[in-house]
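# Close look at the chain arrangement
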Amino acid sequence: MTDHESTADAGSPAPGPDGFSDAEASFISEMGSLMERWGLPQATGRLFGYLLLRNKPVDLDTMTRELGQAKSGLSVAARQLEAWTLVRRSTRPGSRRIDYEAVGDLQHLLLVNNAHMRKFTETLSSGIPVAHGEARERLASLADLFNGFVEQTESLVAAWEARRGAS
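Our subject in this report is the structure included herewith. The shown structure was predicted, so the numbers you read here are calculated from the model rather than taken from an experiment.

### Thoughts on the pairing of strand β2 (residues 87-91)
Note: β2 against strand β3 (residues 98-102), 5 bridges, orientation antiparallel. Counted as the bridge partner of R88 is E101 from β3. Here β2 folds back onto β3 in antiparallel fashion, the turn holding 6 residues, of which G94 has a positive phi close to 80°.

### Thoughts on the pattern of salt bridges
Applying the stated rule across the entire model yields 9 salt bridges. For D61, the salt bridge identified is with K71, shortest N-O distance 2.8 Å. With a gap of 10 residues between them, D61 in helix α3 (residues 60-67) and K71 in helix α4 (residues 71-83) connect regions that are remote in the sequence. As a salt-bridge pair, R118 and E154 come within 2.0 Å of each other at their nearest N and O atoms. In this pair, R118 sits in helix α5 (residues 107-127) while E154 sits in helix α6 (residues 133-166), placing the two residues 36 residues apart along the sequence. In this structure E154 comes out as partly exposed when scored by relative accessible area, which is 32%. One salt-bridge network, in which partners are shared between bridges, spans D59, D61, K71, R92, R97 and D99.

### Some thoughts on the packing of helix α2 (residues 42-53) against α3
Two elements in contact, α2 and α3, have axes whose closest approach is 12 Å; the angle formed by their N-to-C orientations is 105°. Of the possible angle classes, the one that applies to α2 and α3 is roughly perpendicular. On the side of α2, the interface is formed by R46, L47, Y50 and L51, while α3 contributes T62, M63, E66 and L67. The residue inventory of the contact of α2 with α3, partitioned by class, reads 5 nonpolar, 1 polar and 2 charged.

### Observations regarding the side chain of E24
With respect to the helices, strands and loops of the structure, E24 is situated in helix α1 (residues 22-37). Among buried Asp, Glu, Lys and Arg side chains, E24 stands out as unpaired, with R54 the closest opposite charge at 8.8 Å. A distance of 2.9 Å separates a polar atom in the side chain of E24 from the backbone nitrogen of S21.

Conventions we followed
Residues numbered from 1 in each chain as written. Predicted model: local features only at pLDDT ≥ 70, side-chain atom pairs only at ≥ 80, totals over all residues. Heavy atoms only, no water. Pairing = 2+ DSSP bridges. Helix = DSSP H or I, 4+ residues; strand = E, 2+ residues; numbered from the N terminus. Salt bridge = Lys/Arg side-chain N within 4 Å of Asp/Glu carboxyl O. Buried < 20%, exposed > 50% of the residue type's maximum accessible area, 1.4 Å probe, protein only. Axes fitted to C-alpha atoms, helices over the stretch in contact; angles between N-to-C directions. Parallel < 35°, antiparallel > 145°, perpendicular 65-115°, else oblique. Contact = heavy atoms within 4.5 Å. Nonpolar A, V, L, I, M, F, W, Y, C, P; charged D, E, K, R; others polar. Lys, Arg positive; Asp, Glu negative; His and termini not counted. Polar contact = N/O pair within 3.5 Å; in protein donor to acceptor, adjacent residues only side chain to side chain.

Here you go:
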């Protein structure tokens, strides 16, 4: 059994020449393209897609072998994902190797993002008293929009957690 086989479920199509099924390769590529549109390198998105498909933490050597990318680039990508709280790092007892895994509680990411959005809203609101005319209206409208976004996201996360707790 290869390291990559831990990503596949029983009954999955056989992996292609790169070790991924067509569906897995497509998902990894799509995640790369998506995160590139968010301003992150495509390699960071590809790594996130790959880690989302993993059933256990994986080290940089395995990532390098399975993704066919440079270890240095994957190390940078892993640190970016860690900074976004999308992955967590861990070590194995008796080893200096660092393993990475996708974070399963992405609601945490939403709440961290909300903290940034709340600060953004506060900053917008602080400009309202000093602005005049259309600028004042624009700042007030933006502050109201982002405040509503924060409130709705918090409600969404609370409802989602309640549904998960009930099941």
